[in-house]
Amino acid sequence: MSQAPNHADRSERFLLDEERTTWHDETLWFIRQKRDRAVYATPEFQELRELASQIKDHTLSRLAEYLEQFEARALANGVHVHWAADAEEHNRIVLDIVRQARATRVVKSKSMLTEECHLNPHLLAHGVEVIDSDLGERIIQLRDEAPSHVVLPAIHLKKEDVGETFWQHLGTEKGLTDPQQLTEAARQHLRAKFLAAEVAISGVNFAVAETGSVVVCTNEGNADLAIGLARVHIACMGMEKLVPRLSDLAVFTRLLTRSATGQPITTYTSHFTRPLPGRELHVVIVDNGRSQQLGRPDFRASLKCIRCGACMNTCPVYRRSGGHSYDFTIPGPIGAILSPNIDMRKHASLPFASTLCGSCTDVCPVKIDIHTQLYKWRQVLGAAGEIPASKKWSMKLLSRVLARPGLFAAGGSFARFGLRFVPHALSHAPGYNPWAIARELPAPPQQSFRAWYAQQRPNQA
Amino acid sequence: MKVALFVPCYVDQFYPQVAIASLQLLAKLGVAAAFPKQQTCCGQPMANSGCEQDAKPVYHHFVDTFRDYDYVVGPAGSCVYHVRQHFDIIDQTPAVQHVRTATVELFDFITQVLGITELPGAYPHRVGLHLSCHGQRGLHQANESEMTPVRDGRLRRLLAGLEGLALTELDRNDECCGFGGTFCVSEAAISARMGQDRLADHVRNGTRVLTGGDMSCLMHLEGLVRRRQLPMRVLHAAEIFNGALA
Ligand code: SF4
């Protein structure tokens with residue numbers, strides 16, 4: 001069968017470099033441990049999670065009301081509010097604003113939403129220079145790659161890779177690997193871009209309905225610098241980013257970075273409520289599949305996500321396959337439950353890229369039942385015929401055998417008989433038996449348990 | 001008390017000694033468990049592959065097999081979890097509801113139902129405990145590192161109570177082994193890598209006997225141990241306790 005590569009194919013490629021896989025796994029595990037330490041040191045952490053979960057559930061249950069409230073407050077504050085049904089409309093709106101400002105240079109600070117909408121290529125195609133100002137984002141922009149993580153977009157790269165990229169694009173010394181020096185080079189390069197930019201685009205971590213303000217959390221201060229310098233600020237937000245009140249925000253700022261990196265709070269938590277005199281503030285509210293997901297009762301909770309990345313850091317599969325193996329803007333467990341909503345066929349393998357170990361659910365600061373949703377997406381995909389035909393038919397057959405004890409007992413003895421007498425080379429041939437690529441099959445016993453039991457108690461029915 | 005032994009399909013066929021040890025251990029604790037021989041499987045392989053609907057006849061068969069027992073005891077947390085958690089898609093008749101709550105994992109049965117918190121005996125070996133995710137996070141048999149730094153759990157306590165047994169302290173106490181049912185073939189490369197990493201942690205920290213309460217994880221790990229010829233035996237905890245208890 002010639003099929004498009006799926007998650008398993010892409011991971012297999014990633015895993016070929018054993019050492020790099022080890023490094024990737026350990027790097028992310030280190031972040032997971034930092035998260036653990038921050039969580040252990042916060043005795044009320046589980047209460048906070050519960051609170052955050054309830055606030056998000058509540059907000060999603062009345063999302064339309066809160067969006068209207070937000071819009072009314074924002075308009076009253078002198079903010080321009082735009083609504084985009086999909087990525088295309090979002091990109092068109094942003095380009096229009098840039099054109100109206102007669103701008104050709106834009107600085108962007110990290111935003112997964114603009115990645116999701118593929119804004120950069122759109123702006124570039126229309127003659128607008130766009131520079132990502134977040135260090136990690138800038139590195140992957142120079143390399144023309146997609147982010148591999150929602151918080152740490154360049155986590156798949158080693159410092160040697162970054163040195164190589166900067167040597168090629170920023171003219172640093174060849175072989176430079178000192179993080180301090182590399183960061184300094186990026187800083188110098190970006191400073192000029194900041195000063196020249198006419199429009200600043202940012203993402204939005206939270207939007208507060210009662211005040212009409214948007215909140216941006218960063219560690220590098222790049223968003224603030226860009227927004228402070230540019231005449232026009234465009235904040236792009238998914239429509240699920242709302243919280244009702246300013247006081248609710250406090251719950252999330254306590255959870256976000258503890259979960260993400262183990263810090264108590266981001267270095268910068270900036271609130272944007274109204275434009276400065278002579279400046280413009282635009283907020284673009286984007287749907288792009290979100291209301292469809294909201295309409296799926298089993299999956300709507302996925303919209304509670306605050307993009308902390310904890311589920312990626314803890315996922316034993318993500319750590320060993322890398323973010324790009326998911327081939328979706330949001331990788332990892334949360335990406336695997338968001339992506340089928342966007343394109344079920346293309347992303348059909350993602351809900352299967354999990355052992356359902358449940359660690360993602362247990363770290364999620366807003367208590368999304370991620371592993372349950374993975375299981376449920378599998379059922380949806382199965383019912384829609386989006387699983388490999390071989391699997392579908394073997395499962396139907398298995399079901400018939402397992403519902404009939406006589407067939408089952410006979411089938412088992414055939415299997416054991418087969419394993420005992422078929423030569424090892426054949427029973428372990430990789431083409432026929434993926435189990436045996438890395439593992440031995442169980443040594444087949446003489447007798448099944450049921451046969452033993454029958455011998456023990458010959459007169460029992 | 002009428003107790004049935006639920007022997008998952010792969011245990012029946014490949015690890016009869018685990019079912020035998022479970023049966024004998026229960027007998028030594030005063031419980032004569034029956035083995036209803038029309039039993040087959042819990043349906044998990046189908047459901048995890050996205051074919052939950054196809055599994056319904058298997059669920060019904062499971063309920064019919066075990067409905068007359070007070071407890072259904074199985075030496076595999078994952079299968080038990082499946083019955084308790086995922087038999088929610090068939091009609092919730094009294095029989096279905098009963099079987100779902102009556103199905104318990106072997107060591108939960110011993111500690112929670114029988115109330116036995118210590119098993120006598122000696123096992124002077126360096127033992128590494130593998131926590132099954134479905135047992136730990138699904139059935140709440142052990143503390144989770146996502147929540148607390150304290151490493152505790154029912155099976156861990158029982159093992160620690162055996163004379164001479166030294167428990168391995170792992171670098172990562174509760175990382176998944178990568179079995180995941182059909183995941184082990186559909187994502188064969190990652191599955192193997194996860195298992196190898198799990199075993200490396202045990203080797204690094206001195207495990208000589210690898211054990212756990214879930215034979216499915218152990219089957220996968222044993223396959224890797226044998227391929228790599230690691231100096232380690234793999235035993236289900238029922239085998240250890242049954243052997244230690246004269
Ligand atoms: S699903 Fe939960 S853990 Fe994963 S990124 Fe979103 S908020 Fe964080």
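Being a predicted model, the structure only gives us computed values, none of them experimental.

**Regarding the overall build of chain A**
Link 1 in the chain: Scanning chain A from N- to C-terminus turns up 22 helices and 10 strands.
Link 2 in the chain: The buried share among the 461 residues of chain A stands at 55%.
Link 3 in the chain: When contacts within chain A are restricted to residue pairs at least 6 apart in sequence, those whose partners lie at least 24 apart make up 72%.
Link 4 in the chain: Surface accessibility of chain A: about 19900 Å² in total, with carbon and sulfur atoms responsible for 54%.

**Overview of helix α13 (residues 237-244) of chain B**
Link 1 in the chain: Counting buried positions along α13(B) yields seven of eight residues, so the element is predominantly enclosed.
Link 2 in the chain: Tucked inside the fold, the buried residues of α13(B) contact α2 (16-28), α7 (106-113), α9 (154-160), β6 (209-212) and β7 (233-236) of chain B.

**Description of the domain arrangement of chain B**
Residue and element names in this part refer to chain B.
Link 1 in the chain: Entries for chain B in the domain assignment read domain 1 (3-113) and domain 2 (126-244).
Link 2 in the chain: A separation of 21 Å is found between the C-alpha centroids of domain 1 and domain 2.
Link 3 in the chain: At the junction of the two partners, domain 1 supplies 27 residues and domain 2 supplies 20 residues.
Link 4 in the chain: Interface of domain 1 and domain 2: buried area, both sides summed, is about 2100 Å²; carbon and sulfur atoms make up 63% of it.
Link 5 in the chain: Three residues stand out in domain 1 for area buried against domain 2, namely Tyr15, Tyr81 and Phe107, and they jointly supply 28% of the buried area on that side.

**Considerations on the site of the ligand**
Link 1 in the chain: The full set close to the ligand counts 13 residues, and A:Cys305, A:Cys308, A:Gly309, A:Cys311 and A:Cys364 are the nearest of them.
Link 2 in the chain: For the shell around the ligand, the residue count by class is 11 nonpolar, one polar and one charged.

**Some thoughts on empty space enclosed by the protein**
All names here are of chain B.
Link 1 in the chain: This structure, assessed with the given rule, holds six cavities of 30 Å³ or more.
Link 2 in the chain: Of the pockets and cavities examined, the largest cavity occupies roughly 180 Å³.
Link 3 in the chain: In terms of lining residues, the largest cavity is bounded by 19 residues, among which Leu131, Ser132, Gln141, Leu155 and Gly213 are the most central.
Link 4 in the chain: Mapped by element, the contributors of at least two residues to the lining of the largest cavity are α7, β4 (126-130), α8 (133-138) and α9.
Link 5 in the chain: Of all the elements, α9 adds the most residues to the lining of the largest cavity, at three residues.

**Structural notes on the interface of chain B and chain A**
Interfaces are often sized by the accessible area lost when the parts come together.
Link 1 in the chain: Across the boundary between the two partners, chain B contributes 72 residues, which contact 74 residues of chain A.
Link 2 in the chain: Here chain B packs against chain A, burying approximately 6100 Å² in sum over the two surfaces, 59% of which is carbon and sulfur.
Link 3 in the chain: The largest per-residue losses of area from chain B upon contact with chain A belong to B:Gln13, B:Arg193 and B:Arg227, which jointly make up 11% of the total buried on that side.
Link 4 in the chain: Taken together, chain B and chain A are joined by eight salt bridges.
Link 5 in the chain: One salt bridge in this structure joins B:Glu146 and A:Arg32, with 3.9 Å as the shortest N-O distance.
Link 6 in the chain: Our count for the chain B to chain A interface comes out at 28 residue pairs in polar contact (both at pLDDT 80 or more).
Link 7 in the chain: When residues in the side of chain B that touches chain A are grouped by element, the largest group, nine residues, is from helix α11 (residues 188-204) of chain B.

Conventions and cut-offs
Residues numbered from 1 in each chain as written. Chains lettered and ligands numbered in written order. Predicted model: local features only at pLDDT ≥ 70, side-chain atom pairs only at ≥ 80, totals over all residues. Heavy atoms only, no water. Helix = DSSP H or I, 4+ residues; strand = E, 2+ residues; numbered from the N terminus. Buried < 20%, exposed > 50% of the residue type's maximum accessible area, 1.4 Å probe, protein only. Contact = heavy atoms within 4.5 Å. Areas by Shrake-Rupley, 256 points an atom, 1.4 Å probe, with all protein chains shown as cover. Domains from an automatic or database assignment. Buried area = accessible area lost by both parts, 1.4 Å probe. Near = heavy atom within 4 Å. Nonpolar A, V, L, I, M, F, W, Y, C, P; charged D, E, K, R; others polar. 1 Å grid on protein atoms, 1.4 Å probe; cavity = no way out; pocket = protein on both sides within 12 Å on 5 of 7 lines; lining within 4 Å. Points joined across faces, edges and corners; volume = space filled by probe spheres on them. Salt bridge = Lys/Arg side-chain N within 4 Å of Asp/Glu carboxyl O. Polar contact = N/O pair within 3.5 Å; in protein donor to acceptor, adjacent residues only side chain to side chain.

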